[in-house]
Amino acid sequence: MKYHALGRTGLEVSEVCLGTMTWGTQNNQADADAQLDYALAQGVNFIDTAEMYSIPPNESTYGATETIIGDWLSRNSAKRQHLVLASKMAGNGLSYIRGGSDISGATLKEAVDHSLKRLQTDYLDLYQLHWPNRTSPHFGKQWPDMVRFSDVDGKAHTEQMLEILTAVDDCIKAGKIRHFGLSDDTTWGINTYLKLSQQHSLPRLASIQNEFNLLHTKDWPYLIENCLHEDVAYLPWSPLAAGALTGKYLGGARPEGSRWTYVQRKGLFRDTDAANGAIAAYGEVAAKHGLSPAELALAWCKQVDGVTSTIIGATTLAQLKEDIAAFTLTLSEAALADIAAVLRRFPAPY
């Protein structure tokens, strides 16, 4: 297992980050225990979760994943000091989480306390905002004018961000969190937090996690370049495009128990004709080079310049083993050229 610096935090994280969002719906405690034990045995030291999980998010499973991890930690307390444990605070829009309110200084402190209690730990190594208060161009909203940036009151949001960062500072001083990160945000969001931290001597942004995979490369080059030169760790989530890049959903297939058999809060926006065409083409490239589609997609993601650690998730131990093993692979120049040819044919399939 290889390790990389998490921004300027001084922490070293494995290039594989174990995502946990299925624990509590598709996976139970025993499944989670097995995945954690296996991942740690392979050298994974980076675990990512969120208060909103498990997915698909709903009131009945809110906090379930953190509770499952907390159960494991209660039985494996000696391992806590060797882990980089990350969680995320839900943003606005979910009525059963703080009434659907915006993130504020007060609600951040409340959310931190509840996460620590569910996780049965005294501190979080990385605490992230799951999405910003303003609407950001993610989850199928990246097409021109789907989000009207000119309608956003930048000054008001900057003031909110300063309040949030001040609350982060209070939590760090209280020993509840060590570092701060973003999720599903933009270059403007990153740079505004960096500016505020410098202007007000507040904690520096450590990381951002956004969707990034062979079907969804919109963060390249501009956001990733910004992250690299500002020492902000870039953490891709959904490197398999919610499992689509394995090819298991081609032709309308819906394997029993798979994620796409559950009602999705944002719908199946990844299920487009262009996406299916791209997935089939990547499958042909994988077969040509003696790889599974999952191996191809994961090995490609981890070699992209600027990627710090890739967040993977699995519903079975067999899937997890295949996914982690993919990070030992090095794609040949011929394979990378074939991938690039498909990427040029399908640059933005959803």
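Refer to the structure presented above.
Here goes a summary of the coordinates provided. Within each chain, residues carry numbers counting from 1 in the order of the written sequence. Owing to the predicted nature of the model, reporting of local features is limited to residues with pLDDT of at least 70; listing and counting of side-chain atom pairs is limited to 80 or more, with chain, interface and lining totals taken over all residues. The side-chain numbers reported here are obtained from all heavy atoms of the structure, hydrogens and water having been left aside.

Focus on the environment of Gly283
Every helix listed is a DSSP run of H or I at least four residues long, and every strand listed is a run of E at least two residues long, numbered separately from the N terminus. Here Gly283 lies in helix 7 (residues 273-288). In sequence terms Gly283 and Leu296 are 13 residues apart; their C-alpha atoms lie 8.5 Å from each other.

Details of the environment of Asp271
Counting through the fold element by element, Asp271 comes out in the loop between strand 9 (233-237) and helix 7. Classification of Asp271 by relative accessible area gives partly exposed; the value is 31%. Separated by 22 residues in sequence, Asp271 and Tyr249 have C-alpha atoms that sit 8.6 Å apart. Here Asp271 is in contact with Arg254, Trp260 and Asn276, once residues within four sequence places are set aside. When a residue's accessible area, from a 1.4 Å probe over protein chains only, is under 20% of the maximum for its type it is buried; when over 50% it is exposed; and in between it is partly exposed. A contact between two residues is defined here by any heavy atoms of the two lying within 4.5 Å.

Points about the packing of helix 3 (residues 105-119) against helix 4 (residues 154-173)
For helices, the fitted axis covers only the stretch in contact; all axes are lines through C-alpha atoms, and the angles between them, taken along N-to-C directions, range from 0 to 180 degrees. The contact between helix 3 and helix 4 brings their axes to 8 Å, and the two run at 35 degrees. Relative to helix 4, helix 3 is oriented so that their crossing is right-handed. Residues Gly105, Ala106, Leu108, Lys109 and Val112 of helix 3 form the contact with helix 4, whose participating residues are Glu163, Ile164, Ala167, Val168, Asp170 and Cys171. Under the scheme applied here, ten amino acids are nonpolar (Ala, Val, Leu, Ile, Met, Phe, Trp, Tyr, Cys and Pro), four are charged (Asp, Glu, Lys and Arg), and all others, including Gly, are polar. In terms of residue class, the contact of helix 3 with helix 4 is built from seven nonpolar, one polar and three charged. Crossing handedness is defined as follows: a turn of the near helix away from the far one that is anticlockwise and smaller than a right angle gives a left-handed crossing, while the clockwise case is right-handed.

Details of the pairing of strand 8 (residues 205-211)
The side chains of a regular strand alternate between both faces of the sheet. Counting buried residues in strand 8 gives seven out of seven residues, a clear majority hidden from the surface. Pairing geometry for strand 7 (residues 177-183) and strand 8, over four bridges, is parallel. When the sheet's bridge partners are listed, Ser183 is paired in strand 8 with Gln209. The definition of a right-handed crossover adopted here requires that, viewed with the strands pointing away, the path from the first strand over the helix to the second runs clockwise. Of the crossover connections in this fold, the one passing from strand 7 over helix 5 (residues 187-200) to the parallel strand 8 is right-handed. A pair of strands counts as paired when DSSP detects no fewer than two bridges linking them. Relative to strand 9, strand 8 runs parallel, the two being bridged by five bridges. Bridge pairing in strand 9 places Ile208 opposite Tyr234.

Looking at the nonpolar core
Looking at soluble globular proteins, one finds that nonpolar side chains tend to be buried together. Grouping buried Ala, Val, Leu, Ile, Met, Phe, Trp, Tyr and Cys residues that are joined through side-chain atoms within 4.5 Å yields what is termed a nonpolar core. Formed by 85 residues in total, the largest nonpolar core has its most connected members in Leu108, Leu129, Ile190, Leu215, Leu245 and Tyr282. If we skip the residues at most four places from it in the chain, Ile190 touches Leu182, Leu205, Ile208, Leu223, Asn226, Cys227 and Val232. If you look at the next biggest cluster of nonpolar residues, it comprises 13 residues, including Leu11, Leu126, Ala233 and Trp237.

As for the pattern of salt bridges
Opposite charge on two side chains permits pairing when their charged atoms draw close. Salt bridges are defined by distance alone: a side-chain nitrogen of Lys or Arg within 4 Å of a carboxyl oxygen of Asp or Glu. Enumeration over the complete set of coordinates arrives at 19 salt bridges. The partner of Arg118 in a salt bridge is Glu51, with the nearest N and O atoms 3.9 Å apart. Linking Arg118 in helix 3 with Glu51 in the loop between strand 4 (46-48) and helix 2 (64-75), this pair joins segments that are 67 residues apart in sequence. Glu51 shares its class with Arg118; the two are buried. Salt-bridge contacts for Lys288 lead to Asp338; the nearest nitrogen and oxygen are separated by 3.0 Å. Of this pair, Lys288 sits in helix 7 while Asp338 sits in helix 10 (residues 333-345), placing them 50 residues apart in sequence. The structure contains a network of salt bridges with shared partners spanning Glu51, Glu66, Arg98 and Arg118.

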